[in-house]
Amino acid sequence: MEIIYDDIVEYYHDEIDRISKNKEKFYQIFDIPKKNGRKRHIAQPLSELKQLQKIFYKEIFYPKSYLIHKCAYAYMPNISMHQCIEKHVGQNIVVKMDVKNFFDSVTYELIVDSFLYAFRMNRRTAEIIADICTLNGHLPQGAVTSPIISNFVCRILDRRLYNYCEKHNIEYSRYADDLIFSGNFDIKALRSYVVWALRDYYGFKLNYSKLKIMRNYQRQVVLGVLVNQNCRLTKEKRHELRQELYYIKKYGIDDYNRFTGKTLEQLRGYVNYALEISRETFIEELYELLRKKECDI
């Protein structure tokens, strides 16, 4: 059944009108420390806005997730992290590139364009929905709608990179802001093409400080998993998962997002995959806590 976007917007008109007049009041803003000593800026929607964004997610974005390019693996229903990682096992070269300030770079204008062309919305409806899902003109880290919207916005980028890689026999996958390439290829030529693809339509920038080139005689790590010959969790990722368990026990699972800037959906996806690789006690404990929370919703 076709989704009538105008009807959804009209049905929630009062909530939309009240929130859009003063959106800042409907967010809790805070910073969390990053590994490099800097801070990640988190904008967590308060109850009323969060509920409205969840409705948009369930009624608008989730049913249209089939429009997202097949090379986008993060935050996708019925797609596991394993499918992203296994493409890069046993390759001569693995290259990881990172989009600089990814969520801040996904602007209101890019989102409206995506809604117009991917969803075939009329402009007024596209602008209303984009306004409710953005803060200060870009995607807020902490909103339930931000991850899936970023995947819709990146459809053109994924298509361009996929077509280039298919032509040059390169494996490509994108996990949020991580662009992962593997095979046997000209690294400089690939990097030049990626820089152009990021800039041309989106105005995105490559984060050169996070560019990693990993050859088969070195540790090749994709999303915290060693992929030289098979999949194996790194010591660093195991430590990180132990830390996530600590956060949940200390702050409570309901406040996990507020204190870490990560969503339970992100953590659940990684824990499910981690269990496929290593059935350690602390990972199983994390899984049970997340499963119980999911059953309570």
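One can find the structure itself at the top, above this paragraph.
None of these values were measured; they are calculated from a predicted model.

Another point: the overall build of the chain. A count of helical and extended segments in the chain gives 14 helices and nine strands. Here the C-alpha radius of gyration of the chain, 20 Å, is about what a compact globule of 297 residues would show, namely 19 Å. Taken over the C-alpha atoms alone, the chain extends approximately 60 × 45 × 40 Å along its principal axes. Counting the 297 residues in the chain, one finds 49% classified as buried. Element-wise, carbon and sulfur atoms account for 47% of the exposed surface of the chain, whose accessible area totals about 15,500 Å². In the chain, the 47 positive side-chain charges and the 38 negative ones have mean positions that sit 7 Å from each other.

We now examine helix 7 (residues 123-132). Where helix 7 is concerned, the buried positions are Thr 125, Ala 126, Ile 128, Ile 129, Ala 130 and Ile 132. Those residues of helix 7 hidden inside the fold are in contact with helix 1 (5-11), helix 2 (13-20), strand 1 (27-33), helix 3 (47-61) and helix 6 (108-118). One side-chain oxygen of the residue at the start of helix 7 lies 3.1 Å from the amide nitrogen of Arg 124, identifying that residue as Asn 122.

What follows is about unusual backbone geometry. Backbone geometry places Tyr 75, a non-glycine residue, at a positive phi of 65 degrees. Relative to the assigned elements, Tyr 75 resides in the loop between helix 3 and helix 4 (81-85). Of note, Ala 176 is a non-glycine position whose phi angle comes to about 60 degrees, a positive value. Mapping Ala 176 onto the fold places it in the loop between strand 4 (171-175) and strand 5 (178-183).

Looking now at a negative patch on the surface. Together, Asp 6, Asp 7, Glu 10 and Asp 14 give the surface a local cluster of negative charge. Among the elements that line the negative patch, the one with the most residues is helix 1, at three residues. Within the secondary structure, Asp 7 is located in helix 1.

With that settled, consider the pattern of salt bridges. Applying the stated criterion across every chain yields a total of 15 salt bridges. For Arg 123, the salt bridge goes to Glu 127, with nearest N and O atoms at 3.6 Å. In this pair, Arg 123 and Glu 127 are both assigned in helix 7, four residues apart and thus about one turn of the helix distant. What makes Glu 127 partly exposed here is its relative accessible area of 29%.

Thresholds, definitions, all that
- Residues numbered from 1 in each chain as written.
- Predicted model: local features only at pLDDT ≥ 70, side-chain atom pairs only at ≥ 80, totals over all residues.
- Heavy atoms only, no water.
- Helix = DSSP H or I, 4+ residues; strand = E, 2+ residues; numbered from the N terminus.
- Rg over C-alpha atoms; globule rule 2.2 N^0.38 Å.
- Buried < 20%, exposed > 50% of the residue type's maximum accessible area, 1.4 Å probe, protein only.
- Areas by Shrake-Rupley, 256 points an atom, 1.4 Å probe, with all protein chains shown as cover.
- Lys, Arg positive; Asp, Glu negative; His and termini not counted.
- Charge placed at Lys NZ, Arg CZ, Asp CG, Glu CD.
- Contact = heavy atoms within 4.5 Å.
- Polar contact = N/O pair within 3.5 Å; in protein donor to acceptor, adjacent residues only side chain to side chain.
- Patch = residues over 30% accessible without salt bridge, like charges linked within 9 Å, V, L, I, M, F, W, Y side chains within 5 Å.
- Salt bridge = Lys/Arg side-chain N within 4 Å of Asp/Glu carboxyl O.

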